[in-house]
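Here's the letter readout for the chains.
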Amino acid sequence: MPVLLQPPSRTQPTAIPIFALKWYSHPSILPMHILAYAGGGGSAKTGIGNTVNIQITNGAATADTAGSSTSDDVVSSQNKNHATITIDTGVEIAVALDIMVQQRPPTTNASSSSSKPAIYLAVGIGNFVKVYFIQTSATATRVDYQEEQQQQQQEQQKYEAVEIGSLELPESSGVNTVGWNSIGDALVAGCENGTVCIVSVKFENEMLVRLERIHELKGHIRAVCCCVYHPRNPLVLMSSAKDGTCRIWNLGMVPSNMDNGDNNGGGGSDDDDDDDDVDNRDNKCMEALQCRIYDPNGPKPKAANVLNPKPGQCLVRGCAFGDLDGRVVYTVQSGRKGGAFLSVWKLIRRAVAMEQGEGQQQGSQPSSSPRFVFEFKETMRKQVSNFPVSAMSLSGDYSTLALGDTNGCITLLSTDTFHKIKSWECAHDLPVTCIAARPLPLLLSGEDLTGVRVDAISASADNRLCYLTRQKKSTLRKKKKNKNTLHGGEKVKKQNWSMFIVLYPIHLMVFAMIVYAIKVSFDVCHEDYVESQYDWMAVKECVLHTVLWATSDRPGIAFLPH
């Protein structure tokens with residue numbers, strides 16, 4: 001049973017179990033941010049809601065609502081700036097998502113002079129990699145209340161997802177993860193069969209792309225869990241898999257130069273490969289990082305599956321570059337049971353003595369100068385969860401790691417000290433399937449209305465999203481309620497007037513009965529009152545036992561005759 005999140009963290013129910021999640025923003029589209037999630041109920045022919053949902057939040061609060069903390073103002077303002085796009089994936093479930101923004105549409109057509117950002121969504125569905133163009137209006141603005149109903153339909157029509165390219169990978173590939181490179185001209189697809197496919201993306205125009213598989217990197221012997229490109233170098237990428245390894249790939253590397261010092265993704269060019277003759281050798285792998293699932297500072301474990309795990313016993317669920325230069329790498333690994341460990345790898349330069357005759361020309365003097373090679377060295381490993389971690393995400397400013405485990409718990413770690421910032425126990429009642437850390441440290445659309453900066457969004461197969469924040473309360477000040485205000489006193493006055501109108505006939509009937517009782521009492525008891533010389537007890541007995549109620553010993557008919 002999940003634990004209820006304490007405000008200002010919150011949950012949002014969804015119609016489908018979620019298996020892929022991407023939270024994206026970019027300085028060129030600020031304060032807009034996009035949340036895309038995908039999932040569904042299965043692969044039945046009848047269809048069980050297998051969809052990709054894209055939520056676009058655009059615009060900022062105006063002066064009249066920015067300082068308001070009432071729920072009515074927040075909901076109405078968010079509805080004006082919020083749009084949802086749904087893509088039906090048929091009988092297949094999408095399990096991989098990534099978003100890319102181009103400042104200008106990458107097209108050579110001179111007639112398309114639009115300078116607004118172009119947003120593209122890559123989706124992994126079965127053996128297919130598909131690209132969608134998200135049509136949005138950069139000039140969408142808030143409208144007056146009188147025009148809201150008329151403008152709402154037009155605003156919804158400004159957002160649409162159009163499929164502009166598709167590529168089918170070899171049979172039984174099974175795409176698990178996709179990712180764009182830093183310049184948006186290639187995609188990486190990590191597959192269930194252990195291959196890492198590089199897909200070239202060539203834009204014919206704004207609404208049409210040609211996808212071509214140019215590399216098939218082989219080295220993993222189990223399913224690939226995560227693939228990410230270098231933040232700046234479009235030729236360097238990283239992948240992690242269920243074989244216990246994380247591999248660094250350099251697409252600019254050629255076989256003859258694999259052993260020289262230029263292994264940092266410098267800038268070599270690759271020979272053009274045909275679709276029928278893709279590069280399926282492991283000659284692009286710079287290094288394979290062997291991940292371990294025990295504490296190096298503690299006693300060595302005796303279990304062989306922990307000390308030297310076989311493929312499939314150590315699962316590297318997540319990996320990420322820790323800085324813009326790609327000199328730091330994070331991996332999260334665990335067994336199928338037990339705790340999860342975070343490893344920090346740093347790129348170092350190591351001197352290697354040159355062998356006799358290596359790199360020397362004929363007739364030249366032997367050189368004693370060493371050569372240098374670059375490699376990643378594990379500098380830290382620590383346990384971060386008591387359960388296997390099933391999802392990992394790094395924030396856009398590289399300051400926070402968000403982790404989700406199989407027990408439904410969420411943890412935020414600082415990348416400065418690697419200490420826990422905050423955790424939410426049993427936020428989900430099923431294992432966390434995907435998680436997204438905050439894409440940018442800047443203020444995003446809608447946060448000025450709530451006063452809450454969300455640090456991570458998590459999802460699971462329990463049909464709900466969790467919006468998690470380290471804040472203890474909203475930064476907005478609550479306005480004092482005034483009875484004379486429009487939203488407070490006016491509603492109370494209307495309610496009181498409505499109640500008076502409903503109860504008016506009842507009040508009138510009761511008043512008439514009281515007046516009639518007083519008149520009858522005066523007519524009957526007036527003489528007794530005068531004869532008793534104004535004795536009030538005699539008047540009381542007359543009113544009670546003569547006018548209002550008759551005693552049982554009073555002469556008359558006590559029962560109706562049969």
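Quantities reported herein were computed from a predicted structural model and do not represent experimental measurements.

(A) Expanded view of the overall build of the protein chain. Within the protein chain one finds seven helices and 28 strands. Per-residue burial for the protein chain yields a buried fraction of 44% across its 562 residues. Here the protein chain has roughly 30,900 Å² of accessible surface; of this, 53% comes from carbon and sulfur atoms.

(B) Region of the structure containing the pattern of salt bridges. Considering all chains together, one arrives at 12 salt bridges under this definition. Among the salt bridges present, the one from Arg350 reaches Glu375, with a minimum N-O distance of 2.8 Å. Note that Arg350 is positioned in strand β20 (residues 340-352) and Glu375 in strand β21 (residues 371-385), a separation of 25 residues in sequence. According to the relative accessible area criterion, Arg350 is partly exposed, its value standing at 38%. Here Asp455 and Arg470 are joined by a salt bridge, their closest N and O atoms 3.4 Å apart. Separated by 15 residues along the polypeptide, Asp455 in the loop between α5 (447-450) and β27 (456-460) and Arg470 in the loop between β28 (464-468) and α6 (489-531) bring together distant segments of the chain. Salt bridges sharing common partners tie together Glu204, Arg210 and Glu212.

(C) Here's a closer look at the packing of aromatic side chains. Under the criterion given, the structure shown has three aromatic pairs. We note Arg10 situated over the ring of Tyr467; from NZ or CZ to the ring centre the distance is 4.0 Å. Over the ring of Tyr294 we find Arg381, and its NZ or CZ is 5.0 Å from the ring centre.

(D) Representation of the sheet that holds β27 in the model. Across the sheet, which stays open at both edges, the four strands sit in the order β1-β28-β27-β26 with antiparallel pairing between neighbours. Sheet topology places β1 (10-13) and β26 (432-437) at the edges, where each strand pairs with a single neighbour. Each adjacent strand pair in this sheet contributes to an overall mean axis angle of 20°, direction not counted. Judged from the four bridges that link them, β1 and β28 form a sheet pairing that is antiparallel. Looking across to β28, one finds that Arg10 is bridged to Tyr467.

(E) Layout of the confidence of the model for the protein chain. For the protein chain, per-residue confidence averages 80 on the pLDDT scale, and 75% of positions sit at 70 or higher. Within the model, pLDDT remains below 50 along residues 483-488, and this stretch shows seven contacts once partners closer than five positions in the same chain are excluded.

(F) Region of the structure containing the sheet that holds strand β19 (residues 328-334). As summarised here, the arrangement of the four strands in space is β18-β19-β20-β21, forming an open sheet in which the pairing is antiparallel. Only two strands of the sheet have a single partner each, and these edge strands are β18 (315-321) and β21. Averaged over all adjacent pairs, the angle separating strand axes in this sheet is 25°, with direction ignored. Note: β19 against β20, seven bridges, orientation antiparallel. Among the inter-strand pairings, Tyr330 is bridged to a residue of β20, identified as Val344.

(G) Spatial organisation of the environment of Arg477. Its location among the elements puts Arg477 in the loop between β28 and α6. The class of Arg477 is exposed, set by a relative accessible area of 75%. Between the C-alpha atoms of Arg477 and Gly451, which are 26 residues apart in sequence, the distance is 9.0 Å.

(H) Looking closely at the pairing of strand β7 (residues 118-125). Of all eight residues in β7, eight are buried; the element is thus mostly enclosed. The alternating pattern of β7 places Ala118, Tyr120, Ala122 and Gly124 and Ile119, Leu121, Val123 and Ile125 on opposite faces, both of which are buried. Of the pairings in the sheet, the one linking strand β6 (residues 94-102) to β7 comprises eight bridges and is antiparallel in character. By the bridge assignment, Met100 is partnered in β7 with Tyr120. Relative to strand β8 (residues 128-135), β7 runs antiparallel, the two sharing seven bridges. Across the sheet, Ala122 pairs through a bridge with Val131, a residue of β8. Hairpin remark: β7 followed by β8, antiparallel, with two residues in the connecting loop; positive phi at Gly126, about 60°.

(I) Representation of the pairing of strand β3 (residues 33-39) within the structure. Counting buried positions along β3 yields seven of seven residues, so the element is predominantly enclosed. One ladder, built from six bridges, connects strand β2 (residues 18-24) with β3; its direction is antiparallel. In the strand pairing of β3, Ala20 is matched with Ala38. Of the strand pairs in this sheet, β3 and strand β4 (residues 51-57) are connected by seven bridges, and their pairing is antiparallel. What sits directly across from Leu35, in β4, is Gln55.

Basis of the calculations
Residues numbered from 1 in each chain as written. Predicted model: local features only at pLDDT ≥ 70, side-chain atom pairs only at ≥ 80, totals over all residues. Heavy atoms only, no water. Helix = DSSP H or I, 4+ residues; strand = E, 2+ residues; numbered from the N terminus. Buried < 20%, exposed > 50% of the residue type's maximum accessible area, 1.4 Å probe, protein only. Areas by Shrake-Rupley, 256 points an atom, 1.4 Å probe, with all protein chains shown as cover. Salt bridge = Lys/Arg side-chain N within 4 Å of Asp/Glu carboxyl O. Phe/Tyr/Trp six-rings, centres within 6.5 Å; stacked < 30°, edge-to-face > 60°. Lys NZ or Arg CZ within 6 Å of the ring centre and 35° of its normal. Pairing = 2+ DSSP bridges. Axes fitted to C-alpha atoms, helices over the stretch in contact; angles between N-to-C directions. pLDDT = per-residue confidence, 0-100. Contact = heavy atoms within 4.5 Å.

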